[in-house]
Amino acid sequence: MKKHTHTPDLMSIARRAMLGAGLDPDFPAGVEDELRTDEQTGEQAARPGPSVRDARGVLWSSIDNRESRDLDQVEYAERLDGGGYRVLIGIADVDAFVPIGSAIDRHAAVNTVTVYTPAVNFPMIPEELSTGLTSLLEDEDRLAVVMELEVTTEGDITSKKVSRAVVRNRAKMDYESVGAWLESRGPAPEAFARVAGIEEQVKLQDEIARALLELRRKNGALQIETAEAVPVVENGRVTGLDVRAHNRAQDIIESLMIAANTSMAELLQDHGVPSLRRVVRAPEQWPLIVKTAESFGDHLPDEPDPRALSDFMTRRREADPAGYAELSLSILKMLGPGDYMVEAPGLDQPGHFGLAVHDYTHSTAPNRRFPDLVTQRCLKSLSSDSPAPYTREELEAIAERCNLMESAARKVERQLRKSAAAVLLGDRIGQTFDAIVTGVKDRGTFARLTNPPVSGRIMRGERGLEVGDRVRVRLLSTDPERGFIDFERTGR
């Protein structure tokens, strides 16, 4: 049995994982000079001008993870006199500080995404920008690209446009506290007492989000809910796992961001601007999804059908709320990851199967995703009536790189979550735990512990087990460097 005699260095493991996946953990020469220039011009840049309106009087707010500092978006909503809503979504104007071809832009184009690991994050752009000048921090004037939507009470988007503005976030809130309040599980967030009108804003945004979500469901969008176990690291030590379940506050942001991403894709298409699309094809593993439905006594058609799958998921959510997160995760894996593709005049790309929409892009997270920064530049060309910033051929190369590196980043993040879990269990070798079987494959049988909720492989006694079986397992060994946790089945 393998037991650790020292605490593994998760930061070093993360750097090695980055390099092994083809990701660059360090910024290149030239970045420091650009940052000094950005810092010198930052205050002057966040001022209204001929092409940048002053929207600081709007009651902007944000909801994000409690620990997040790279804030990409702020929101505001109001009722329209004739019925329906006006929704404003302000997105951090990263392009204002990261021009095409700059050293920072070239690094962003290499990694294409911020990589989040328990011990250290590897930002796509320097933190001086992503958590500073381009982050929509509370009580700071910031440049933003504002997406303006008009939404009916039934959730239809009837109008969309984009502009540049200076914004000021009045209240940075978090999913946990807002979600608990919305679901009557906790007190009002402290921002409600501190900032007049924020409570009404959250209520209105929740109302709009529910209308948007209901329409998406009718059109066949999937409602995926997963519980995420986030390692807690304090002073370099893994002290526990924070399990975060989906809640209504996340529904607000997801619904508004999906509305923005769909609308901006349509806006770019309407103006013939070549851009990127986020595509999730009809799943190749549809027969496995059909088999999963049959295991619950349900039926799905032989050919992929998003509405039929959505209806099945709704039935399961109502029948077994406690097991829905587990089913969601299984279905999500069988759907497979999305890809970036190019949308240009003369092309007709597939849509997003999980969201049941044809036109969808990524535009709302330019601090941490390169495709969103690319889309932002395309949108800004519309608002300034300028030529398209990228050719179709350039976008095709960008899409190929983004697909490659997004997969690499997921691999690193997944490995480091496992490494952190291995560290957490390092001094519990030989102990037994309750677990549920989560995978039975040719390469092995896998299970997740009930408490703490970490996953590993059953190396002994796995014969005859099936997904969903409840078992008792003994911890055999852990390997933080590779993120391995090995169990044996035990009858006690």
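It should be noted that the structure appears before, not after, this text.
Note that the structure is predicted; figures quoted are calculated from it, not measured.

(A) Spotlight on the environment of Ile252. Note on placement: Ile252 falls in helix H8 (residues 248-270). By relative accessible area, which is 0% here, Ile252 ends up buried. Expressed as a C-alpha distance, the spacing of Ile252 and Gly57, which sit 195 residues apart in the sequence, is 22 Å. The contacts of Ile252, once residues within four sequence positions are left out, are Ile63, Leu182, Val202, Gln205, Asp206 and Ala209.

(B) A look at unusual backbone geometry. With an omega dihedral of 0°, the bond running from Asn451 to Pro452 counts as a cis peptide bond. With a phi angle near 60°, Ser184 is a residue other than glycine that sits in the positive phi range. Looking at where Ser184 falls in the secondary structure, it is placed in the loop between helix H5 (175-182) and helix H6 (190-194). With a phi close to 55°, Asp385 is a non-glycine residue in the positive phi region. With respect to the helices and strands, Asp385 occurs in the loop between helix H12 (370-383) and helix H13 (392-424). By relative accessible area, which is 73% here, Asp385 ends up exposed.

(C) Main features of the environment of Ile157. With respect to the secondary-structure elements, Ile157 resides in strand S8 (residues 157-174). Given the relative accessible area of 27%, Ile157 is considered partly exposed. C-alpha separation for the pair Ile157 and Ala260, spaced 103 residues apart in sequence, amounts to 9.7 Å. When near neighbours in sequence (up to four residues on either side) are disregarded, Ile157 contacts Leu149, Glu150, Val151, Ala259 and Ser263.

(D) The nonpolar core, seen in detail. The biggest cluster of nonpolar side chains holds 80 residues, and the ones touching the most others in it are Trp60, Ile89, Val167, Met173 and Val202. Tallying contributions element by element places H8 first for this core, with 10 residues. Setting aside chain neighbours within four positions, we find Val167 in contact with Ala55, Arg56, Trp60, Val74, Leu136, Glu140, Asp141, Arg142, Ala144 and Val146. Ranked by size, the runner-up nonpolar core spans 19 residues in total, among them Met18, Phe122, Val412 and Val423.

(E) Representation of the sheet that holds strand S16 (residues 470-479) within the structure. Pairing is mixed around the closed barrel formed by five strands, whose spatial order is S13-S14-S15-S17-S16. Neighbour-to-neighbour, the strand axes of the sheet open up by a mean angle of 55°, direction not taken into account. As judged from the seven bridges shared by S16 and strand S17 (residues 484-490), these two strands associate in the antiparallel manner. Pairing of Val473 across the sheet is with Arg489, part of S17. Seen against the sheet, H13 touches S16 and S17 and runs at an angle of roughly 60° to S17.

About the cut-offs
Residues numbered from 1 in each chain as written. Predicted model: local features only at pLDDT ≥ 70, side-chain atom pairs only at ≥ 80, totals over all residues. Heavy atoms only, no water. Helix = DSSP H or I, 4+ residues; strand = E, 2+ residues; numbered from the N terminus. Buried < 20%, exposed > 50% of the residue type's maximum accessible area, 1.4 Å probe, protein only. Contact = heavy atoms within 4.5 Å. Core = buried A, V, L, I, M, F, W, Y, C linked by side-chain atoms within 4.5 Å. Pairing = 2+ DSSP bridges. Axes fitted to C-alpha atoms, helices over the stretch in contact; angles between N-to-C directions.

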